[in-house]
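Letter by letter, the chains look like this.
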Amino acid sequence: MRWENLTVESGASREGAEHGRAADAALFGAEAVVSRTFDTPEFRGITFHEVRARSVLNRVPGASRMPFEWTVNPYRGCTHACVYCFARKTHGYLDLDTGIGFDTQIVVKVNAPEVLRRQLASRRWQGDHVAMGTNVDCYQRAEGRYRLMPGIIDALTEHANPFSILTKGTLILRDLDLLVRAAEVTDVGISVSVGFLDPELWRTVEPGTPAPERRLDVVRTLGEHGIGCGVLMAPVIPFLGDHPDQLRATVREIAAAGATSVTPLTLHLRPGAREWFMAWLTRHHPHLVRRYERLYAQGAYAPKWYQRRITRQVHELAQEYGIGPARGGPARRIRPAEPAEVSEPTQLTLL
């Protein structure tokens, strides 16, 4: 595996860079990798490659469509095993298989919390928003063993650094108290991914994830504790999850869970994911293969007309069920300590 070829500013790695670090510094060296397997039912057949990262704040390429500039990804590879996952290609940068290897060969940055704490303390860091769960899920099953997210959330909270988390994992509720505490001092955005409710489709296309209903329970629980949670309705899968009745049922349940917003995203098939998804489609729905080849003939994304149709339908349903658009507010900051003695009344302000 090409650990040493993953440089901090390598365009291929997509791991981003620590602000100001030299371009030829490796993210981690081969001598620091420890591979482990665990003979427990939930981890059987999975290999964990434990690495000590040199940087965990990743800068998003300028050409990206993402609405954020910095990410933290404590894991590479994902046991959710979603057949459409766009991040599959990143496993190829390590000479790992982008199919079953992506699902079973998981890279764990075991020192992510301490590295993040150091980077946030740097004078060069400007306190920008940090997005998590945008590459692979930071609350996948591995997090139950490695427990990296509590330290990461603590580090962000200590610096009142705004952050967001996107997840399909119910394990996020383990850290509910930490999220509530973070929301007292900074802007915290949580989104849960629920693209459809069909149980048969879920079992085959997202076999390692909690059921959609359990994810909606996460939305409900977060709301009950004062943390607004949006739903990324993704992916909407053409010809399998896009019938108007299916869209209506999904949006209705999202609204019933108390989601603050719903954002539809149609399936996109980048290289790496495209081959794996099409192989799955051939096995499970061979009659749809030609339709997919036509729909995605121009590239990774469905045609604009199709995307607009899905977006319009979902937004109309959201309005019908009373789900408003997402509205971001300014990040809050830690209140400075009061001086021991004050000679006259002083107005304290949030920084």
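Small disclaimer: the values here were computed from a predicted structure and weren't measured.

Asker: I tried to follow the overall build of the protein chain on my own but got confused; where do I start?
Answerer: For the protein chain, the count of helices and strands is 11 helices and 11 strands. Residues counted as buried form 52% of the 351 residues belonging to the protein chain. Entry remark: accessible area of the protein chain is about 16600 Å², with carbon and sulfur atoms responsible for 51%.

Asker: Sorry if this is basic, but what is going on with the environment of A302 here?
Answerer: Note that A302 resides in the loop between α10 (289–295) and α11 (304–320). By relative accessible area, A302 is classed as buried at 3%. A sequence separation of 35 residues divides A302 from L267, and the C-alpha atoms of the two residues are 7.3 Å apart. In this structure A302 touches T266, L267, L295, Y296 and Q307, once residues within four positions along its chain are discounted.

Asker: Would you mind going over the packing of aromatic side chains with me for this structure?
Answerer: A full pass over the atoms with the stated rule returns 10 aromatic pairs. Look at F277 and Y292: their rings are 5.5 Å apart centre to centre, the planes differ by 45°, and that puts the pair in the tilted class. With a gap of 15 residues between them, F277 in helix α9 (residues 273–284) and Y292 in helix α10 connect regions that are remote in the sequence. On the basis of relative accessible area, F277 is assigned to the buried category, the value being 0%.

Asker: Help me out: how do you make sense of the sheet that holds strand β1 (residues 34–37) in this one?
Answerer: Either a parallel or an antiparallel arrangement is found when strands of a sheet pair, and the pairing is made through backbone hydrogen bonds. Here we have 4 strands laid out as an open sheet, ordered β1-β2-β6-β5, and mixed in their pairing. Because the sheet does not close on itself, it has two edges, and the strands there are β1 and β5 (75–76).

Asker: Just checking my understanding: could you explain the sheet that holds strand β4 (residues 70–72) for this structure?
Answerer: Strand order in the open sheet formed by 7 strands is β3-β4-β7-β8-β9-β10-β11, with mixed pairing between adjacent strands. Strand pairing shows two members of the sheet lacking a second neighbour, β3 (57–59) and β11 (262–266), which therefore form its edges. In this sheet, adjacent strand axes meet at a mean angle of 25° when their direction is disregarded. Where helix α4 (residues 149–158) meets the sheet, it contacts β4, β7 (130–132) and β8 (163–167), and its direction lies at approximately 165° from that of β7. Here helix α8 (residues 244–256) sits on the sheet in contact with β10 (229–236) and β11, set at roughly 165° to β10.

Asker: Looking at this structure, I do not really get unusual backbone geometry. What am I missing?
Answerer: Excluding glycine, most residues fall at negative phi; most peptide bonds, likewise, are trans. Note the cis peptide between A234 and P235, where omega equals -10°. Mapped onto the secondary structure, P235 falls in strand β10. The phi angle at R147 is positive, at roughly 50°, despite the residue not being glycine. Tracing the sequence through the fold places R147 in the loop between α3 (142–146) and α4.

About the thresholds
Residues numbered from 1 in each chain as written. Predicted model: local features only at pLDDT ≥ 70, side-chain atom pairs only at ≥ 80, totals over all residues. Heavy atoms only, no water. Helix = DSSP H or I, 4+ residues; strand = E, 2+ residues; numbered from the N terminus. Buried < 20%, exposed > 50% of the residue type's maximum accessible area, 1.4 Å probe, protein only. Areas by Shrake-Rupley, 256 points an atom, 1.4 Å probe, with all protein chains shown as cover. Contact = heavy atoms within 4.5 Å. Phe/Tyr/Trp six-rings, centres within 6.5 Å; stacked < 30°, edge-to-face > 60°. Pairing = 2+ DSSP bridges. Axes fitted to C-alpha atoms, helices over the stretch in contact; angles between N-to-C directions.

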